[in-house]
Amino acid sequence: MTSPHPSPTPGPTPGPTPGPVEVSSWDDLEALPARMADLAQQADEIVRHARAWVCRRDGFEPSPVCVLRPLAAAMDPLEAAFAELGRRFEDQWRDLTDGLRRAAADLAATDVATARDLGGLIPRSAP
């Protein structure tokens, strides 16, 4: 029996996993979209790896008498679960990043308005 899953092709060797996303000051918000994109890419790689390698039926179907053969049927629902997990993660991650972009834009606008309103009250630093 042929596996319904495409034969996986080895991808690039993953690089070092970035550490946690930390925002230690508002200035760090500029780097946040790039860090979040890295994390989204890692999540996508995990889901693709699971769907291509973990959910393979062919490992359980080497012969008609293989005692593990009944497990092959479980791989299809498992693959579907990983696919759904990936879709849900993408949707929620998109909502999160959109919200963070809006919040960062609001903070920037507030900074500009505050600087304008307090313009004469804040002494300028000497260059």
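Within any chain, residue numbers begin from 1 and follow the written order of that chain's sequence. Per-residue local features of the predicted model are confined to residues with pLDDT of at least 70, and side-chain atom pairs are confined, for both listing and counting, to 80 or more; whole-chain, interface and lining totals are unaffected and use all residues. For side-chain calculations, the full set of non-hydrogen atoms in the structure is used, while hydrogens and water are omitted.

**A word on a nonpolar patch on the surface**
- Grouping into patches uses exposed residues only, defined as over 30% relative accessible area, and leaves out salt-bridged ones; the cut-off is 9 Å for like charges and 5 Å for nonpolar side chains (Val, Leu, Ile, Met, Phe, Trp, Tyr). Residue exposure ignores everything except the shown protein chains as possible cover, and the areas themselves are Shrake-Rupley values with a 1.4 Å probe. For salt bridges, the criterion is a side-chain nitrogen of Lys or Arg within 4 Å of an Asp or Glu carboxyl oxygen. A surface patch of nonpolar side chains, about 250 Å² in accessible area, is lined by Trp53, Val54 and Leu78.
- Helix and strand definitions here come from DSSP, where helices need a minimum of 4 consecutive H or I residues and strands a minimum of 2 consecutive E residues; each element is numbered from the N-terminal end. Structurally, the position occupied by tryptophan 53 is in helix α1 (residues 32–54).
- Residue exposure (1.4 Å probe, protein chains only): buried if accessible area is under 20% of the type maximum, exposed if over 50%, otherwise partly exposed. Classification of tryptophan 53 as partly exposed rests on a relative accessible area of 40%.

**As for the packing of α1 against helix α2 (residues 72–117)**
- In the contact formed by α1 and α2, the axes pass within 9 Å of each other and the chain directions differ by 175°. In this view, α1 runs roughly antiparallel relative to α2, as classed from their interaxial angle. The residues of α2 that touch α1, namely those facing Leu32, Met36, Leu39, Ala40, Ala43, Asp44, Val47, Ala50, Arg51 and Val54, are Met75, Leu78, Glu79, Phe82, Ala83, Gly86, Phe89, Glu90, Trp93, Leu96, Thr97 and Leu100. Only the stretch in contact is used when fitting a helix axis, every axis being a line fitted to C-alpha atoms; angles between N-to-C directions are given from 0 to 180 degrees. Throughout this description, any angle smaller than 35 degrees is read as roughly parallel, any larger than 145 degrees as roughly antiparallel, any in the 65 to 115 degree range as roughly perpendicular, and the remainder as oblique. For this analysis, residues touch if any pair of their heavy atoms sits within 4.5 Å.

**Re α1**
- One fewer than the residue count of a helix, multiplied by 1.5 Å, yields its expected span. Here α1 is 23 residues long and its end C-alpha atoms lie 32 Å apart, about the 33 Å a rise of 1.5 Å per residue gives.
- For α1, the set of buried residues is Leu32, Met36, Ala43, Val47, Ala50 and Ala52.
- In this fold, the buried residues of α1 make contact with α2.

**Focus: the packing of aromatic side chains**
- A pair of Phe, Tyr and Trp rings is counted when the ring centres sit within 6.5 Å of each other, with Trp represented by its six-membered ring. The angle between the planes then sorts it: under 30 degrees is stacked, over 60 is edge-to-face, the rest tilted. This structure, assessed with the given rule, holds one aromatic pair.
- Measuring from ring centre to ring centre gives 5.1 Å for phenylalanine 89 and tryptophan 93, while their planes differ by 20°; the resulting arrangement is stacked. Of this pair, phenylalanine 89 and tryptophan 93 both sit in helix α2, four residues apart, which is roughly one turn of that helix.
- With relative accessibility at 31%, the residue phenylalanine 89 sits in the partly exposed group.

**Digging into the environment of isoleucine 46**
- Among the secondary structure elements, isoleucine 46 is positioned in helix α1.
- According to the relative accessible area criterion, isoleucine 46 is exposed, its value standing at 56%.
- A sequence separation of 36 residues divides isoleucine 46 from phenylalanine 82, and the C-alpha atoms of the two residues are 9.4 Å apart.

**A closer look at the environment of tryptophan 93**
- Sequence separation between tryptophan 93 and leucine 39 is 54 residues, and the spatial gap between their C-alpha atoms is 9.7 Å.
- Setting aside residues up to four positions removed in sequence, tryptophan 93 forms contacts with Met36, Leu39 and Ala40.

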